[in-house]
Every structure is written in C-alpha cells, then in structure tokens.
Amino acid sequence: MKPPILVCPYNRLLLDQIGGHDIVVRVENPPDIPRAAEDVRCSGKALHSVIIETRQPLSAFRPQDDWVGIPIALFVPGMGNFRDVAPWVGSIRDLKMHVYLSAGDRENLTSCRVLASLGVTCCLVFDTTEPDWEALSDLMTWAVFAPSSHAPVEPFHHVAVHHNPGAYVDWGVVYFDGPGAFLHLDSAGRVALSHRELQNGSFITEHVSLLGDPFENEGYRNALNAWRHYFLSDHPCIACEGWKICMGRFGMNGRHAPGCRAFASDMLAEIEQYKGRQQEEQAERAPS
C-alpha cells in the first residue's frame, strides 16, 4: 500500500528530513508557490499540491506565469467582484487551480456555479457554519445533472464518480484529509492525523523521521477504523440514509441535523439516479 501523502509547511530543512512520501506543501504568500514547488522537487520528493490560504477574495488573486505546471489549492473566503475575476478566469482554468470556498456562505454557492460553468474547479468546505441546505441542494443537482459542460464542483463530483451501492464514500481526500491518504506535519516535524488535530496539538509521533511504517503506529491504525465508533456509540448519524456518502462530514458529525440528514439523503437518491442513467447510456452504446 502506498505511504500516506504528507501535508507540511514550507520549510526546506523539514523537506530534506522526509523520505518515501509525496508532499503537499502549505505556503503563506503567493510568491512562495514556485519556490516551494521547486524545493519539494529538489529534495527528491514528488509534489502533490501547493496549498495557500488567504483572507482576500479570489478577485484579489493574480496568477503568475511561473505557476504553470504546479497543482494549486487556493482557499479563499469568497469570489469577490466578478468583474475583477473575469480577466483572470482563463489563467486560473489553464493552471487547473482548485478554488476552495466555505459552504456556509450562501454567496459562495452562487460563485461556485459561476466559476464551474467557466471551467474552474470549485471545492466547498463544510465547517462550523451551517449551509443554506436548499441552495446547496440546488447546486448539487446542477453539479451532477447539468447538461452543459462545466468543471467539477466538489465534493459532489467525487461522490458521483466513486459511489457504489453498499460501499462508503469518504471524500476527505478532496480536502487533504483522512489518515489512509494524508498525514499532517507541523514546522517541528511532528505528525498529526489531520489538520484539525495538528491545530489542536494532537500528534501520533514527535518527528516524521520516527514514523516508519504508519501501520505499526497504534494511533494511525485506530484512525483508519475511526468510523466504526459511530456504530459502537450509537451515534445519530448512523440512522441517516445518506451516511454512506457523508460519513458525518456534511453536517459536522450531526451538529447541523436535521438539515444535513435531509440533504445527504436527497443527495444519495440523486447520485443513485445519476449512476442508473449512466448505466442505461452505456448499455445503449454497447454493440448488439
């Protein structure tokens, strides 16, 4: 099994201490994007993505020529004035930059539809602010069923592609989350299971050089099966029809119930309809 990808702050000395893992590197300033990407490569690692979070809207962001070929995840509070974004949409699209927006801001739901229709991949971040579930449902339906071509809107695209009857879909990978795929490092090289646990100061080992085989780490093994605790504790989320495509993420582990329950259940029904339509189209195209 492939080792988890490491998400770490931009620190060349830290990069040199890491071996055997692909890297997601976090930077604080746009000029650091090409430097960080080059340092990851020079340290002998494969670059998965560069993450940058800013308090400025997308309209204040200016793509640069030296970002070509660098996978960028841009977290912004909102789109801002579209008139200021429009001249740069082509560059953002060509760079294949993914724009992350909070699902709790209703305006961001409209911005996602605008940007995706112009070819920009958008990712909705589900946090402590409860979304407008009706508006979110409208966006989800458009993202899955719209007849016109558009870029993915995540996590809806990921769920639609990976859903299988009877199986769970954990879309944390869209957000660099989930111990099976990602681990997170602080500037001292300490390893956490998620970005949230890193911020809370909860680590599974005191330095990445001590990690070794993650499967030999008890904290890592427990995290891989953490979803089972929902059933052991009789968590209200397990009674939700949409659990298999939500796993507690849409509603912050039930914090936003009943809105999250209705949304996840409706989304599951729509995804199953989407999959059924795909199968019918494939059958029609198959040679007789």
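Note: the structure precedes this text.
The text that follows walks through the structure, step by step, so that each part is easy to find. (Residues numbered from 1 in each chain as written. Predicted model: local features only at pLDDT ≥ 70, side-chain atom pairs only at ≥ 80, totals over all residues. Heavy atoms only, no water.)

1. Looking at the layout of surface pockets
Logical step 1: As a volume, the largest pocket reaches approximately 1,700 Å³.
Logical step 2: In terms of lining residues, the largest pocket is bounded by 45 residues, among which Tyr175, Asp177, Ser194, Arg196 and Arg249 are the most central.
Logical step 3: Looking at the lining of the largest pocket, the elements that each hand over two or more residues are strand E3 (47-53), strand E5 (98-102), helix H7 (156-162), helix H8 (195-199) and helix H9 (218-224).
Logical step 4: At five residues, the largest contribution of residues to the lining of the largest pocket is made by H8.
Logical step 5: Each residue belonging to the lining of the largest pocket can be placed in one class, and the counts come to 24 nonpolar, twelve polar and nine charged.
Logical step 6: By volume, the second largest pocket is sized at about 240 Å³.
Logical step 7: Lining the second largest pocket are 17 residues, with His98, Tyr100, Cys123, Val173 and Val174 positioned closest to its centre.
Logical step 8: Elements with a contribution of two residues or more to the lining of the second largest pocket: E3, strand E4 (72-75), E5 and H7.
Logical step 9: Among the elements that make up the lining of the second largest pocket, the one with the highest residue count is H7 (four residues).
Logical step 10: Tallied by class, the residues present in the lining of the second largest pocket amount to nine nonpolar, six polar and two charged. (1 Å grid on protein atoms, 1.4 Å probe; cavity = no way out; pocket = protein on both sides within 12 Å on 5 of 7 lines; lining within 4 Å. Points joined across faces, edges and corners; volume = space filled by probe spheres on them. Helix = DSSP H or I, 4+ residues; strand = E, 2+ residues; numbered from the N terminus. Nonpolar A, V, L, I, M, F, W, Y, C, P; charged D, E, K, R; others polar.)

2. Considering the environment of glutamate 28
Logical step 1: The topology assignment puts glutamate 28 in the loop between strand E2 (23-27) and helix H2 (32-42).
Logical step 2: Taking C-alpha positions, glutamate 28 is 22 Å from phenylalanine 126, a pair spaced 98 residues apart along the chain.

3. Describing the state of the cysteines
Logical step 1: The full count for this structure, using the stated rule, is zero disulfides.
Logical step 2: Here cysteine 8 is not cross-linked by a disulfide; its sulfur's nearest cysteine counterpart is in cysteine 42, at 15 Å.
Logical step 3: Owing to a relative accessible area of 47%, cysteine 42 belongs among the partly exposed residues under this scheme. (Disulfide = S-S within 2.5 Å. Buried < 20%, exposed > 50% of the residue type's maximum accessible area, 1.4 Å probe, protein only.)

All we've got here are geometric facts, nothing functional implied.
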